[in-house]
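The lines below spell out each chain.
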Amino acid sequence: MLRDGRDPEDSAIQTYKTLLRVPQDNRTLECAWRYHQAMRHLRDGRVADAIRDYKRLLDLDPDEPFVYLDLAELYRQSGTPKEAAAVLRALVAVYHRAGMPEAASEVEARALSLERRLDGAARASEDAQIPEAQPRPASPPEEPAQAADSPDAETERAAPPAPLPRPGIESVRPQDRPPARPGGPTLLRREPLGRILLQMGVITEEQLERALEIHERTREKLGRILVSMGAITEQDLAKAIGIQWNYPYVSLASAEVDPEVVRMVPHHLCMRHKVLPYARNGSKLLVAIVDPLNLLALDDVRLITGLDVEPRITTEEELLQALQKYHQLGALLEQTAHVEVGPEVPTEEEVSLDRLRQMVDEAPVVKLVNLILDQAIREGASDVHIEPHRHGIHVRYRIDGILHDILSPPKNLKAALVSRIKIMANLDIAERRRPQDGRIHLRVDGREIDLRVSTLPTLFGEKVVMRILDQSSALIQLGQLGMASGVQETWERLASKPYGMLLITGPTGSGKTTTLYATLTKINTLEKNIVTIEDPVEYQLPRINQVQVNPKVGLTFATALRSILRQDPDIIMVGEIRDQETAELAVQAALTGHLVFSTLHTNDAASAFTRLLDMGIEPYLVASSVIGVMAQRLARKICPRCKEPYQAPREALRRLSEDLEEVDKEVVLFRGAGCEACRQTGYKGRIGIFELLVVTDRIRSLVLARAPATEIREAARSEGMRTMREDGLEKVLEGLSTVEEVLRVVYSTEE
Ligand SMILES: [Zn+2]
């Protein structure tokens, strides 16, 4: 994409840093970006470009040994050993500066060997590199868990000495380091694997001897020989290697694996390095590895995640299984991302219907759609957007009210992906020029989930938006919404009145429906007849008669309400009051012995009265029907994973409330630092912010006098109403949300 020219890349990185709130002087993102560019170039066989990227990496982080080692290897592979030797020489200097003379001399030896080869004296030194010259013939060579492809590969792979001091790695280094064999792998003196297995009691002396004989003959790894002899299991071998290298063994099959943590490292890197981050504890990342010598892998993980890596040994099989289980989406994406998209790929319009019908049942498309939905539900997304653009499609999730880019499947799947969803939603796949609406019903982990699907033709194809309606969220209790206990008590008291009108106000997406449902669920008893009129019916509530508005057949809020009133309801919920007719009927119902719930789009509670008056309802009708108004917003909650305290200037709080005189100069508040669990936003989940206005005699007389909202509001405050700002401030002080977030939602205006 941004292959040439430095500026677009740099500005993209600057933008990301700002978005992720990474300090501008932090280079991790640049390094990761550059590293991935290099990997991409290597995958595509562009070694020269990869070399360029590695050189940039060296500029960015001149103290990182693996960059030197990789770069030297690239030079060596591309037939320029002279440059390779020069890079290694530079690394020698780095190690000396870092006070690591052993590492320096090891690398120096490699540089020397390359230089000797250059001089044509390669043979002799190469012989010395083959790790056969064992000081003690009786003990088997210490070995990595996996067989290397060739002695040469072995040398190169095992060669990276532990780079900069790091917890975990550092602690396993024995005090008595043997002098490194010139040019050979930097294997440290360790307990021979055979002896460890003997001590573990999993093999006998005889088995060890037999295995050693085979090893002498074939040079195969001792551990592998014992496994194929049936003497030990893969787990035994991993445990023994763990003891040998002082890395604890982890059984990924039974360990608690955090899928969010797994996704911190791209799938292809996990596969390439046989590593899997699986759990996190603060800044420590537990990483399962197969090959204890693969320090490069640990370096990569450290670089990508910015966390301290603590290695654990596991078996290859367990690692691959866990990778498959927890990294599905990543794997699938990478698979599909490698599908070559040539210019001859037909456009959406050109794909024949028959071909489309065939494609939607093909495995990759089915799998992709399933994974997109599965992932969205697991991440708690409220909407999934599938947006076509000139060069492909973007899949985005809305999580806690904010859209996140999730993936960009290849262009050639565009038509099939959209068609698959349309078929699931019972839509006409031949119709691509008109908007359509449908529904998909899913059962995920025993939860009933409905997706409301709508399509919209755009310039580059059909855009699909799926609203996820999780039936289990219809069961949210009133007590879980975040109402202060006093507010909730008052609200429940109002909701238990036999008649009157209770309004909930706020912009779209402020959680009004959830509060209505929670309230109805609370007051839903057998002897009450509850009827709702909704557009649309979002969740099915047990024992409640829900009517879906359908203007096409003349069923509007008003007409539905009119017929419902003939059905002897006790409680009526009108999804929204949008027009005078509905408002009049609702008021009439409230005045004739029904409890009516509804919503209005106003910014605060006090404005509800003026809104009804503006709709043409007489002041005396409003004053006598409305018994309470709840204004609400949803604020994002601080992510519990990366929540951190900070000293907030008093000014920050002042912005929320003027009467904070009694607050001490410095206040400890909380914020989310940003982590993988919250997609670096620092927020996870949402909480309601409420303002409940109870209609008293004084309020009633103000409404009758057509007093402005500000006056009603002040009267309510003087009678003890807690405003949304005050409620929000309370939530900030409790460490549930942040000042910025509360300011954002409380001041957000209606559309
Ligand atoms: Zn977080």
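Being a predicted model, the structure only gives us computed values, none of them experimental.

Thresholds applied
- Residues numbered from 1 in each chain as written.
- Predicted model: local features only at pLDDT ≥ 70, side-chain atom pairs only at ≥ 80, totals over all residues.
- Heavy atoms only, no water.
- Helix = DSSP H or I, 4+ residues; strand = E, 2+ residues; numbered from the N terminus.
- Buried < 20%, exposed > 50% of the residue type's maximum accessible area, 1.4 Å probe, protein only.
- Contact = heavy atoms within 4.5 Å.
- Areas by Shrake-Rupley, 256 points an atom, 1.4 Å probe, with all protein chains shown as cover.
- Donors = N, O, S within 2.8 Å, 3.2 Å for Na, K, Ca; no water.
- Tetrahedral: all angles 85-135°; square planar, octahedral: opposite > 155°, others 65-115°.
- Polar contact = N/O pair within 3.5 Å; in protein donor to acceptor, adjacent residues only side chain to side chain.
- Axes fitted to C-alpha atoms, helices over the stretch in contact; angles between N-to-C directions.
- Parallel < 35°, antiparallel > 145°, perpendicular 65-115°, else oblique.
- Left-handed = near helix turned anticlockwise from the far one by under 90°.
- Nonpolar A, V, L, I, M, F, W, Y, C, P; charged D, E, K, R; others polar.
- Salt bridge = Lys/Arg side-chain N within 4 Å of Asp/Glu carboxyl O.
- Phe/Tyr/Trp six-rings, centres within 6.5 Å; stacked < 30°, edge-to-face > 60°.
- Lys NZ or Arg CZ within 6 Å of the ring centre and 35° of its normal.
- Pairing = 2+ DSSP bridges.
- Right-handed = clockwise from strand over helix to strand, strands pointing away.
- Arc of directions from axis to C-beta.
- Core = buried A, V, L, I, M, F, W, Y, C linked by side-chain atoms within 4.5 Å.

1. Comments concerning the overall build of the protein chain
Here comes step 1: Counting secondary structure elements, the protein chain contains 32 helices and 18 strands.
Here comes step 2: Classification of the 751 residues of the protein chain by burial places 51% in the buried group.
Here comes step 3: Counted over contacts in the protein chain with a minimum sequence separation of 6, partners at least 24 positions apart contribute 63%.
Here comes step 4: Of the accessible surface of the protein chain, which amounts to about 34600 Å², a share of 51% is contributed by carbon and sulfur atoms.

2. Some thoughts on the coordination of the zinc ion
Here comes step 1: The zinc ion binds to the protein through C639 (SG), C642 (SG), C675 (SG) and C678 (SG), with metal-donor distances spanning 2.3 Å.
Here comes step 2: Considering all 4 donor atoms around the zinc ion, angles at the metal cover 107 to 112 degrees and the coordination shape is tetrahedral.
Here comes step 3: Within one chain, the residues donating to the zinc ion are spaced in sequence as C-x2-C-x32-C-x2-C. Here C639 is found in the loop between β15 (626-638) and β16 (643-648), whereas its partner C675 is found in the loop between β17 (667-672) and β18 (683-694), with 36 residues between them in sequence. Comparing C639 with C675 shows no difference in burial state: the two are buried.

3. Focus: the side chain of D53
Here comes step 1: Residue position: D53 is located in helix α3 (residues 47-60).
Here comes step 2: Among the polar contacts listed, one links the side chain of D53 to the side chain of H41, at a separation of 2.7 Å.

4. With respect to the packing of α3 against helix α4 (residues 65-77)
Here comes step 1: Two elements in contact, α3 and α4, have axes separated by 10 Å at closest approach and are oriented at 155 degrees. Here α3 is positioned roughly antiparallel relative to α4, judged by the angle of their axes. Crossing hand, α3 versus α4: left-handed. Residues V47, A50, I51, Y54, K55, L57 and L58 of α3 lie in contact with α4, whose contacting residues are F66, V67, Y68, D70, L71, L74 and Y75.
Here comes step 2: Of the residues contributing to the contact of α3 with α4, the split by class is 12 nonpolar, no polar and 2 charged.

5. Describing the pattern of salt bridges
Here comes step 1: Within this structure, the stated rule accounts for 28 salt bridges.
Here comes step 2: Of the charged contacts, one joins E431 and R434 as a salt bridge, the two residues approaching to 3.6 Å between their closest N and O atoms.
Here comes step 3: According to the relative accessible area criterion, R434 is exposed, its value standing at 57%.
Here comes step 4: Residue D727 is joined to K731 by a salt bridge in which the shortest nitrogen-to-oxygen separation is 2.8 Å.

6. Topic: the packing of aromatic side chains
Here comes step 1: Under the defined criterion, the tally for this structure stands at 1 aromatic pair.
Here comes step 2: Between the NZ or CZ atom of K643 and the centre of the ring of F670, over which it lies, the distance is 5.2 Å.
Here comes step 3: Between R671 and the ring centre of Y646, over which it is positioned, the NZ or CZ distance is 4.1 Å.

7. Focus on the sheet that holds strand β4 (residues 383-389)
Here comes step 1: Strand order in the open sheet formed by 6 strands is β6-β5-β4-β9-β8-β7, with antiparallel pairing between adjacent strands. The two strands at the open ends of the sheet, each matched to only one other strand, are β6 (402-407) and β7 (436-444). Strand-to-strand, the axes of this sheet are offset by a mean angle of 25 degrees, without reference to chain direction.
Here comes step 2: Examined bridge by bridge, strand β8 (residues 447-458) and strand β9 (residues 461-470) share 10 bridges and lie antiparallel to one another. Paired with L451 across the strands is I468, a residue of β9.
Here comes step 3: Each of β4, β5 (392-399), β7, β8 and β9 touches helix α20 (residues 363-378); the most contacted strand, β5, lies at about 20 degrees to it.

8. Some points on the pairing of strand β3 (residues 308-313)
As a general feature of sheets, a regular strand has side chains that alternate between the two faces.
Here comes step 1: In the sheet, strand β2 (residues 284-289) pairs with β3 via 6 bridges, with the strands oriented parallel. Residue pairing in the sheet places I289 in a bridge with I313 of β3.
Here comes step 2: Since β2 and β3 lie parallel, the crossover through helix α16 (residues 295-305) that links them has a hand, and here it is right-handed.

9. Points about helix α29 (residues 697-704)
Here comes step 1: Buried residues of α29: I699, L702 and V703, and no others. All buried residues of α29 project into a common sector of 100 degrees when viewed along the axis, lining one side.
Here comes step 2: Buried residues belonging to α29 abut α26 (607-614), α27 (619-625), β18 and α30 (709-718).
Here comes step 3: Positive phi shows up at R706, right after α29, with a value of about 55 degrees.

10. Things to note about the nonpolar core
Here comes step 1: Ranked by size, the top nonpolar core spans 83 residues in total, and within it Y35, Y54, L226, L252 and V287 carry the most contacts.
Here comes step 2: Beyond its immediate stretch of four places on either side in the chain, Y54 contacts Y35, A38, M39, F66, V67, D70, L71 and L74.
Here comes step 3: Counting residues in each nonpolar core, the second largest holds 61 residues, with V596, L653, I712 and V732 among its members.

11. So, the sheet that holds strand β11 (residues 530-534)
Here comes step 1: The strand order β12-β11-β13-β14-β10-β15-β18 describes an open sheet built from 7 strands, whose pairing is mixed. Edge positions in the sheet fall to β12 (545-548) and β18, since each of these pairs with one other strand and no more. Sheet twist, expressed as the average angle between the axes of neighbouring strands with direction ignored, equals 20 degrees.
Here comes step 2: Pairing of β15 with β18 involves 10 bridges; the strand directions are antiparallel. Counterpart to R636 in the pairing with β18 is R686.
Here comes step 3: Of the strands in this sheet, β10 (500-505), β13 (571-574) and β14 (595-600) touch helix α25 (residues 580-591), which is tilted by about 135 degrees from β10.

12. Comments concerning unusual backbone geometry
Here comes step 1: The residue after D535, namely P536, is reached through a cis peptide bond having omega -5 degrees.
Here comes step 2: Counting through the fold element by element, P536 comes out in the loop between β11 and β12.
Here comes step 3: Its identity is not glycine, yet N426 carries a phi of approximately 65 degrees, on the positive side.
Here comes step 4: Since its relative accessible area comes to 72%, N426 is described here as exposed.
Here comes step 5: Even without being glycine, R706 reaches a positive phi, approximately 55 degrees.
Here comes step 6: Tracing the chain through its elements places R706 in the loop between α29 and α30.

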